[in-house]
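Results of the structural survey
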Amino acid sequence: MFFICVWTTANAQDDIDLNTTIGFGCSASGRQTEVVAKFTYLLSTSDFGKCQELIESENNAEKVLAAFVCRKLNKEKRVSLSNETLNKIELIYNSEEEIAVCGGCKFYKIQIKKFLAENKKNAFYKEAKAWFKMYLK
């Protein structure tokens, strides 16, 4: 199983940049990608201001996680977002641009709006939601 996982990951990484990939438990090691680790730190230290700033990031993975985190924080009344920020989040949630996502041993390119779709069949969204609940302090 380990060799299949490593082989699949190696083949799938040809056009994937790990610095712009969202992965909550990537590769055989099950580690978070750098982007997810960055947001894990921000959540665990309650640095919600930095999360809001990253909505403007050039890195789509950071922008997507920032939108996801800020929307969740806003719903939980942990932050108060301006209408401008809420509009930016809405644009991100409806974006047809693709991001790279790690699904364990395999990497995928998926439209942002599909990654962020809030439905019971979306494994990526469910994983993001579980991660958020685990690290929010």
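What comes next is a walk through the structure. (Residues numbered from 1 in each chain as written. Predicted model: local features only at pLDDT ≥ 70, side-chain atom pairs only at ≥ 80, totals over all residues. Heavy atoms only, no water.)

1. Thoughts on the pattern of salt bridges
Where we set the bar: Salt bridges are identified by distance alone: a Lys or Arg side-chain nitrogen within 4 Å of an Asp or Glu carboxyl oxygen. Strands here mean DSSP runs of E at least two residues long; helices mean DSSP runs of H or I at least four residues long; both are numbered from the N terminus. To sort residues, take the accessible area from a 1.4 Å probe on protein chains only and compare it with the maximum for the residue type: under 20% means buried, over 50% means exposed, and anything in between is partly exposed.
As enumerated under the stated definition, the model contains 8 salt bridges in all. One salt bridge connects Glu118 with Arg71, and the closest N-O pair in it is separated by 3.1 Å. Here Glu118 is found in the loop between α6 (112-115) and α7 (123-135), whereas its partner Arg71 is found in helix α4 (residues 60-75), with 47 residues between them in sequence. Among the residues examined, Glu118 registers a relative accessible area of 42% and is labelled partly exposed. One salt-bridge network, in which partners are shared between bridges, spans Arg71, Lys75, Glu90 and Glu118.

2. Describing the environment of Trp131
Quick reminder of the rule: Any two residues having at least one pair of non-hydrogen atoms within 4.5 Å are treated as being in contact. Here a polar contact is taken to be a pair of N or O atoms separated by no more than 3.5 Å, where protein atoms must pair a possible hydrogen donor with a possible acceptor and residues adjacent in sequence count only if both atoms sit in side chains.
With respect to the secondary-structure elements, Trp131 resides in helix α7. Residues Trp131 and Thr40 lie 91 residues apart in sequence; the distance between their C-alpha atoms is 8.3 Å. Every residue in contact with Trp131, bar those within four places of it in the chain, is listed here: Phe24, Gln32, Val36, Phe39, Thr40, Leu43, Leu65, Phe68 and Val69. Side-chain polar atoms of Trp131 contact the side chain of Thr40, separated by 2.8 Å.

3. Some thoughts on the nonpolar core
Our working rule: The criterion is simple. A nonpolar core is a set of buried Ala, Val, Leu, Ile, Met, Phe, Trp, Tyr and Cys residues joined through side-chain atoms within 4.5 Å.
Counting residues in each nonpolar core, the largest one holds 37 residues, and the members touching the most others are Ile22, Phe39, Phe68, Val69, Phe115 and Trp131. Sorting the residues of this core by element identifies α2 (34-44), α3 (48-53), α4, α5 (83-93), β2 (98-102), α6 and α7 as the ones contributing at least two each. In terms of residue count, α4 provides more of this core than any other element does, 9 residues in total. Those residues within four positions of Phe68 in sequence are excluded, and the remaining contacts are Tyr93, Leu116, Tyr125, Ala128, Lys129, Trp131 and Phe132.

4. Description of the side chain of Thr85
Structurally, Thr85 can be placed in helix α5. Of the polar contacts made by the side chain of Thr85, one reaches the side chain of Ser82; its length is 3.0 Å.

5. Observations concerning the packing of aromatic side chains
This is how it is decided: Aromatic pairs are defined between Phe, Tyr and Trp rings, using the six-membered ring for Trp, whenever the two ring centres lie within 6.5 Å; interplanar angles under 30 degrees are classed as stacked, those over 60 as edge-to-face, and all others as tilted. A ring has a charge above it when a Lys NZ or an Arg CZ is no more than 6 Å from the ring centre and no more than 35 degrees off the ring normal.
Counted according to the given criterion, the structure contains 5 aromatic pairs. An angle of 85° between the planes, with centres 6.1 Å apart, marks the rings of Phe68 and Phe132 as edge-to-face. Of this pair, Phe68 sits in helix α4 while Phe132 sits in helix α7, and the two are 64 residues apart along the sequence. You'll find Phe68 and Phe132 in the same group, each marked buried. Between the aromatic rings of Tyr108 and Phe124, the centroid separation amounts to 5.8 Å while the plane-to-plane angle is 70°, which identifies the pairing as edge-to-face. Of this pair, Tyr108 sits in strand β3 (residues 107-111) while Phe124 is found in helix α7, placing the two residues 16 residues apart along the sequence. Assessed through its relative accessible area of 35%, Tyr108 is described here as partly exposed. Linked through ring pairs, Phe68, Tyr125 and Phe132 together constitute an aromatic cluster. In this structure, Arg71 is placed above the aromatic ring of Tyr93, and the distance from its NZ or CZ to the ring centre is 3.7 Å.

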